[in-house]
Structure formats: structure tokens, C-alpha cells
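Structural features, examined
Each chain, letter by letter, is given below.
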Amino acid sequence: MPSKSPKDFFRPLAVGAPAPLTEIPARPSRAIHFFDPSNEKMAAKIPQMVGTVDVLLGNLEDAVKADNKLAAREGLVRIAQETDFGPTQLWTRINALDSPWVLDDLTTLVPAIGDKLDVIMVPKVQGAEDIHYVDRLLAQLEAKAGLSRPILVHAILETARGVANVEEICGASPRMQGLSLGPADLAADRRMKTTRVGGGHPGYLVRQDPVDGDVAGTRTTYQQDLWHYTIARMVDACAMHGIYPYYGPFGDIADVVACEDQFRNAFLLGCVGTWSLHPKQIEIANRVFSPSVEDIRHARRVVAAMGDGTGAVMLDGKMEDDASLKQCLVMVRLAEQLAAIDPALKAAYDAIEVD
């Protein structure tokens, strides 16, 4: 039996808090670019990055030393107050819920910049109870600050328990915006034997069968994806609850080829975006997580040929039916969303001619 009526799910958890959203908006977020607000050189570049990346995220957790936690928090407040973010979303990753800094993160940020914060990313989420805690606290802080819209919550899957509880995490609150894969912490928690931050591993492979019984002969190997299972499970859980899945960090900044491959795998599986740890990864993410002109041309042809969406048609020797139409509509709608914020993509998509 449910612990409360479903009608209560979309009521504020604090008197005076904004009403929860009944649907999470599909805002483009191809790249979530992390920056350290305590790093003055990095912080100075933020105003110029507005409009070039879908999400700017002020990082307060990992990669910020303990001595810099206060400076990072204060720096984020200053940056948010002084910057017009326009079409770019502002997110933050708070410290872990068992850390000595997280309560101050929330009680400082929500009153000071809650009207500009779109999403709060919560690290190392273990289960629904973590989301429930943040949900109630945010409602109280929003009510006290007089905010008119709820701040959304994004969870990072970084533990085996979190992956095992992924469905209940996704459905824990109307605030849930999405999930990201946290491969490094997850690898450690699972006791995986890799020290890489995301990406594949040359030892994780399958080998071609012996040719004519020659076991010792040259046999082709095929590197496999360490994260395929976790990403696929994450995508299913997010789709079930109407929220959005993201690939996480790709740590080898210099290997742009493998980075692009990993991003594309995640895109094809259903992820809507990824993290960026360096400006060069923004361009890769923007390109990979945007449908190509060729894909949109084909999708529009299918939509035009299908008419009312029933039956089946032959197009270029291939059968297209209502399932094909649904697939193509996913691409067309994404193109429309991206064109609304990306002038270059809009020009490219508008120039498409459908025969």
C-alpha cells in the first residue's frame, strides 16, 4: 500500500513553497560544463561562456579542496548575482549529503540565488531517502525565500546501491530532473579494476573465434563498453519517470576521439547530454548530442510520408510504419528544441529540403 495518496505527491512540502511541477521541461542540455567558482581565472570566463553551452555548473564538491569550500560557495553566489545567463541554465553540484558542508551549501545558495538556480545536482545518491531529505529541505528554504518556482534535483549514480535503487530514485520526487553516470566513484564502489574516469578499457574485450582451429593464430579483438549496462538501465529508469539521463565525465581530456565515441554511444542509447570538464569537450558534446542534418532530413521525410501516422509506407526500399514515425518524431522534436537556442543549428535545419 502507498504511504500517502498520489494526490499529495504534487503538493508543496512546506507552507508557502512553490507547487511542484507535473512535467519536467525538455530544455536542451547537451553539455553540462563544470567550473570551480573558487578559481578566479575560471570564474572570470563564465560571462563569456553564456550562450555557448547549454548548462554552466558551479561545482562545490569533488575537485574543490576542503580549504576552498567556502570560497567556492561564495564565488558561486557572486557569479550568479552578477551574470545574466540568458538561454544558458545555471546548475550547481552540492557536497555529499554526509559531508560537513552540504547544509551550508543549501541554506546559503537557495536564499541568495535560488531564483537563478535551475537544478541542484546531488552526488552519491544511495536511495529515495536521500532525495526525500533534499526535497523537504528545499521546499522549506524556497518558502522562506519566497521563490515562485521549484528548484529541480539531479542525482548522480556513483554507488552500487544507487544503481540497484535507480527506479525508486527517479520516482522519489516531482523535483527529479534527471540522472548522471558517475563512473569513477561507481567503479571504486563496485571494486572494478579500472583507474580510468569513464570510457572503455583495452582489457575489457571479446576475441574472434579460432580460425580453422588455429588457437595461436592472429585473432581480432573487440573492445567492449564497461558502462553499457549501467547507462541502459539508467535510460530506462529515466524514461519510465519522464526525466532525463546523462553520461557523466570523460576524464582523458586529450583523447578527443574516444571522448566523442563515448558521448555518441550514450546519445544513441537515449542520453540527452553529458558533462564537460574542459572547453574542448563542449564542442564535441554540442555536435554529438544534436541530430545530424542527414538524420533530420530522413526523419522529416518519414513524417511527411506517413500522413496520419497509420499503416506503412516504403521509402528508399525500407518499410516505415507507426513505430518508425515515433522514432523520427523524437529526432524532429529534439531538433526543434535545439534550433530555438542554437542559431547555427536553426540555419542548418531550416535549410533542409524534403523531397
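The structure this text deals with has already been given above.
Below or above, wherever it landed, is the structure these notes cover. (Residues numbered from 1 in each chain as written. Predicted model: local features only at pLDDT ≥ 70, side-chain atom pairs only at ≥ 80, totals over all residues. Heavy atoms only, no water.)

Next up on the list: the overall build of the protein chain. On a plain count of helices and strands, the protein chain comes out with 14 helices and twelve strands. What you see for the protein chain is a C-alpha radius of gyration of 22 Å, in line with the 20 Å of a compact globule of 355 residues. Expressed as lengths along the three principal axes of its C-alpha atoms, the size of the protein chain is roughly 70 × 55 × 50 Å. Counting across all 355 residues of the protein chain, residues that qualify as buried make up 47%. Taking as baseline every contact in the protein chain between residues at least 6 positions apart, the subset at least 24 positions apart corresponds to 72%. Carbon together with sulfur atoms contributes 54% to the accessible area of the protein chain, which is approximately 17,600 Å² in total. Taking the average location of the 36 positive side-chain charges in the protein chain and that of its 47 negative ones, the two points are 3 Å from each other. (Helix = DSSP H or I, 4+ residues; strand = E, 2+ residues; numbered from the N terminus. Rg over C-alpha atoms; globule rule 2.2 N^0.38 Å. Buried < 20%, exposed > 50% of the residue type's maximum accessible area, 1.4 Å probe, protein only. Contact = heavy atoms within 4.5 Å. Areas by Shrake-Rupley, 256 points an atom, 1.4 Å probe, with all protein chains shown as cover. Lys, Arg positive; Asp, Glu negative; His and termini not counted. Charge placed at Lys NZ, Arg CZ, Asp CG, Glu CD.)

Another aspect to go through is the pairing of strand E6 (residues 176-181). Counting buried residues along E6, six of its six residues qualify, which places the element largely inside the surrounding structure. Relative to E6, strand E5 (residues 152-157) runs parallel, the two being bridged by five bridges. Pairing of Val-153 across the sheet is with Met-176, part of E6. By the bridge criterion, three bridges tie E6 to strand E9 (residues 244-246) in an arrangement that is parallel. Residue pairing across strands places Gly-178 opposite Tyr-244, the latter belonging to E9. (Pairing = 2+ DSSP bridges.)

Under the counting rule described, the total for this entry stands at 18 salt bridges. Salt-bridge contacts for Arg-30 lead to Asp-54; the nearest nitrogen and oxygen are separated by 2.8 Å. Taken together, the positions of Arg-30 in the segment before strand E1 (31-35) and Asp-54 in the loop between helix H2 (46-49) and strand E2 (55-59) put the pair 24 residues apart, joining distant regions of the chain. Just as Arg-30 is buried, Asp-54 falls in that class too. Across the pair Glu-61 and Arg-93 runs a salt bridge, and its minimum N-O distance is 3.3 Å. Of this pair, Glu-61 sits in the loop between E2 and helix H3 (69-82) while Arg-93 is found in strand E3 (residues 89-93), placing the two residues 32 residues apart along the sequence. The burial state of Glu-61 is the same as that of Arg-93; both residues are buried. Taken together, the shared-partner salt bridges connect Glu-61, Asp-62, Arg-93, Lys-124 and Asp-185 into one network. (Salt bridge = Lys/Arg side-chain N within 4 Å of Asp/Glu carboxyl O.)

Running from amino to carboxyl end, H3 crosses helix H4 (residues 102-113) at an angle of 15 degrees, the nearest separation of the two axes being 10 Å. Between H3 and H4, the angle is such that the two are roughly parallel. Viewed along their axes, H3 and H4 form a crossing whose handedness is right-handed. When H3 is examined against H4, the residues Arg-73, Leu-76, Val-77, Ala-80 and Gln-81 are found in contact with a partner set consisting of Asp-104, Asp-105, Thr-108, Leu-109, Ala-112 and Ile-113. Of the residues belonging to the contact of H3 with H4, the class tally is six nonpolar, two polar and three charged. (Axes fitted to C-alpha atoms, helices over the stretch in contact; angles between N-to-C directions. Parallel < 35°, antiparallel > 145°, perpendicular 65-115°, else oblique. Left-handed = near helix turned anticlockwise from the far one by under 90°. Nonpolar A, V, L, I, M, F, W, Y, C, P; charged D, E, K, R; others polar.)

In this section: the sheet that holds strand E4 (residues 119-122). Taken in spatial order, the eight strands of this open sheet run E9-E6-E5-E4-E3-E2-E1-E10, and their pairing is parallel. Among the strands making up the open sheet, the edge pair consists of E9 and strand E10 (274-276). This sheet shows a mean twist of 25 degrees between the axes of neighbouring strands, independent of strand direction. Where E1 lies against E10, three bridges are found, and the strand directions are parallel. Bridging from a neighbouring strand, Ile-32 pairs with Trp-275 of E10.

What follows deals with the nonpolar core. The biggest cluster of nonpolar side chains holds 81 residues, and the ones touching the most others in it are Ile-32, Leu-179 and Phe-263. By residue number, the principal contributor to this core is helix H5 (residues 128-145), which donates six residues. (Core = buried A, V, L, I, M, F, W, Y, C linked by side-chain atoms within 4.5 Å.)

Let's shift gears to the packing of aromatic side chains. The tally for this structure, following the rule as stated, stands at six aromatic pairs. Ring centres of Trp-91 and Tyr-246 lie 6.0 Å apart, and the angle between their planes is 75 degrees; on these two criteria the pair is classed as edge-to-face. Note that Trp-91 is positioned in strand E3 and Tyr-246 in strand E9, a separation of 155 residues in sequence. When its relative accessible area of 0% is taken as the criterion, Tyr-246 is described as buried. Considering the side-chain rings of Phe-267 and Phe-289, the 5.6 Å spacing of their centres and the 80 degrees angle between planes classify their relative orientation as edge-to-face. Within this pair, whereas Phe-267 is found in helix H10 (residues 256-269), its partner Phe-289 is found in the loop between helix H11 (279-288) and helix H12 (293-306), the two being separated by 22 residues in sequence. Overall, the relative accessible area of 15% leaves Phe-267 in the buried class. Among the residues examined, Phe-289 registers a relative accessible area of 1% and is labelled buried. (Phe/Tyr/Trp six-rings, centres within 6.5 Å; stacked < 30°, edge-to-face > 60°.)

Here the focus is unusual backbone geometry. One non-glycine residue with positive phi stands out, namely Ala-63, at about 80 degrees. Relative to the helices and strands, Ala-63 resides in the loop between E2 and H3. Of the residues examined, Ala-63 reaches a relative accessible area of 77% and is grouped as exposed. In the Ramachandran plot, Lys-124 falls in the positive-phi region, its phi being about 50 degrees despite a non-glycine side chain. The topology assignment puts Lys-124 in the loop between E4 and H5. Taking relative accessible area as the criterion, Lys-124 reaches 27% and is therefore assigned partly exposed.

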